[in-house]
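Examining the three-dimensional arrangement
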Amino acid sequence: MNAVTWDQRERIIALLADASADPSVRAVVVTATGRGFCAGADLRGGPPAGGERVVGDVSRMIRRGAQRFIGAVMDCEKPVIAAVNGTAAGIGAHLAFACDLVLSAESARFVEVFARRGLVPDGGGAYLLPRLIGPQRAKELLFFGDAVPAAEACAMGLVNRVVPAEDLDRTARAWAERLAQGPTRALALTKQLVNASLDADRATAFAAEATAQELNMTTRDAQEGVAAFVERREATYEGR
């Protein structure tokens, strides 16, 4: 069910960082094989604990692990699509919700399993869910831990689109290709503005918008977009 191991988490974080730095990468798709998307964290296979646990060990582990993992998705400078092929539970659900766009197979489901195990949600769950569906619905999911079918998740606003399982890969590729043909730096700045707006007052958000506009107008793609509009032709973006 693709529970995330320590090694896999570090590998995905590194791949997302590489995607941000590589101009040839224009979009990212996070998906899985088999019956599940991600069943949560696999606590086996991590670095040895070593010695007696002291106060601060758990919070440090969460900051360096689950929070870093989800932050890597949200901070990636390329659009990130989740193609959820099956059950997304625990941090697996948060991995999907942290992505910029979420596609889901009809058979997929999302489960906030933490309370069922006597745990507090990690990986940004209590941060992401209220911003996506509001605090009351977020608390319902987090308190009860019930499985949410894909169609219901879409109606809530957790998922952008639900498709038949056999169409998931094709749809994800079509969306990724469409994003890859877009103005990559403008999309990156737009992503930053939207993510930051949820925690900012109007003055801060407006200042960030003005700065983003200033930065974006130095890119080739912005100049190409304006030229294409003036010349009444389709723009061709290079991601630079």
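Structure: above.
Keep in mind it's a predicted model, so treat the numbers as computed, not measured. (Residues numbered from 1 in each chain as written. Predicted model: local features only at pLDDT ≥ 70, side-chain atom pairs only at ≥ 80, totals over all residues. Heavy atoms only, no water.)

From N to C terminus, the protein includes 10 helices and 8 strands. Rg of the C-alpha trace for the protein: 19 Å, near the compact-globule value of 18 Å for 240 residues, within the 12% margin. Looking at the protein residue by residue over its 240 residues, the buried ones come to 39%. The contacts in the protein between residues at least 6 apart in sequence include a share of 70% that link residues at least 24 apart. Roughly 13800 Å² of accessible area belongs to the protein as shown, and the carbon and sulfur atoms make up 54% of that amount. Across the protein, the 28 positively charged side chains and the 29 negatively charged ones have centroids separated by 2 Å. (Helix = DSSP H or I, 4+ residues; strand = E, 2+ residues; numbered from the N terminus. Rg over C-alpha atoms; globule rule 2.2 N^0.38 Å. Buried < 20%, exposed > 50% of the residue type's maximum accessible area, 1.4 Å probe, protein only. Contact = heavy atoms within 4.5 Å. Areas by Shrake-Rupley, 256 points an atom, 1.4 Å probe, with all protein chains shown as cover. Lys, Arg positive; Asp, Glu negative; His and termini not counted. Charge placed at Lys NZ, Arg CZ, Asp CG, Glu CD.)

The geometry of helix α3 (residues 91–98) relative to helix α4 (residues 125–133) is characterised by a closest axis approach of 10 Å and an angle of 50° between their N-to-C directions. In terms of axis orientation, α3 runs oblique to α4. For the pair α3 and α4, the sense of crossing is left-handed. Taking contact as the criterion, the partners of His94, Phe97 and Ala98 in α3 are, on α4, Gly125, Leu128, Leu129 and Leu132. (Axes fitted to C-alpha atoms, helices over the stretch in contact; angles between N-to-C directions. Parallel < 35°, antiparallel > 145°, perpendicular 65-115°, else oblique. Left-handed = near helix turned anticlockwise from the far one by under 90°.)

Attention now moves to the environment of arginine 117. If you trace the backbone, arginine 117 turns up in the loop between β6 (109–111) and α4. Distance from arginine 117 to glycine 145, taken between C-alpha atoms, is 9.4 Å for residues 28 residues apart in sequence.

We now examine the sheet that holds β6. Overall, mixed pairing links the 4 strands, which are arranged β2-β4-β6-β7 in an open sheet. At either end of the open sheet lies a strand with only one pairing partner, and these are β2 (36–38) and β7 (147–149). Here the average twist between neighbouring strands, direction ignored, is 20°. Sheet analysis places strand β4 (residues 87–89) next to β6, joined by 2 bridges and oriented parallel. Its bridge partner lying in β6, alanine 88 is registered against phenylalanine 110. (Pairing = 2+ DSSP bridges.)

With that settled, consider helix α8 (residues 184–197). Residues three or four positions apart in an α-helix share a direction because the helix packs 3.6 residues into each turn. Relative to the 20 Å expected for 14 residues at 1.5 Å per residue, α8 spans 20 Å between its end C-alpha atoms, a close match to the ideal helical length. Regarding α8, the residues found buried are Thr184, Ala186, Ala188, Leu189 and Lys191. (Expected span 1.5 Å × (residues − 1).)

Attention now moves to α3. Of all 8 residues in α3, 8 are buried; the element is thus mostly enclosed. The set of residues buried in α3 consists of Ile91, Gly92, Ala93, His94, Leu95, Ala96, Phe97 and Ala98.

As a further point, take the packing of aromatic side chains. Applying the stated criterion across every chain yields a total of 1 aromatic pair. Taking the ring centre of phenylalanine 206 as reference, the NZ or CZ of arginine 202 above it sits at 6.0 Å. (Phe/Tyr/Trp six-rings, centres within 6.5 Å; stacked < 30°, edge-to-face > 60°. Lys NZ or Arg CZ within 6 Å of the ring centre and 35° of its normal.)

Among the surface-exposed residues, Met217, Val226, Phe229 and Val230 lie close enough to one another that they form a single nonpolar patch of about 450 Å² accessible area. As for its position among the elements, valine 226 is in helix α10 (residues 220–231). In this structure valine 226 comes out as partly exposed when scored by relative accessible area, which is 45%. (Patch = residues over 30% accessible without salt bridge, like charges linked within 9 Å, V, L, I, M, F, W, Y side chains within 5 Å. Salt bridge = Lys/Arg side-chain N within 4 Å of Asp/Glu carboxyl O.)

Strand order in the open sheet made by the 4 strands is β1-β3-β5-β8, with parallel pairing throughout. Two strands lie at the open edges of the sheet, namely β1 (28–30) and β8 (161–163), each paired on one side alone. Each strand axis lies, on average, 25° off the axis of its neighbour in the sheet, ignoring direction. As defined by bridge partners, strand β3 (residues 80–84) adjoins strand β5 (residues 101–105) across 4 bridges and the pair is classed as parallel. Looking at β5, one finds that alanine 82 is bridged to valine 102.

The values reported here are purely geometric and, on their own, carry no functional implication.
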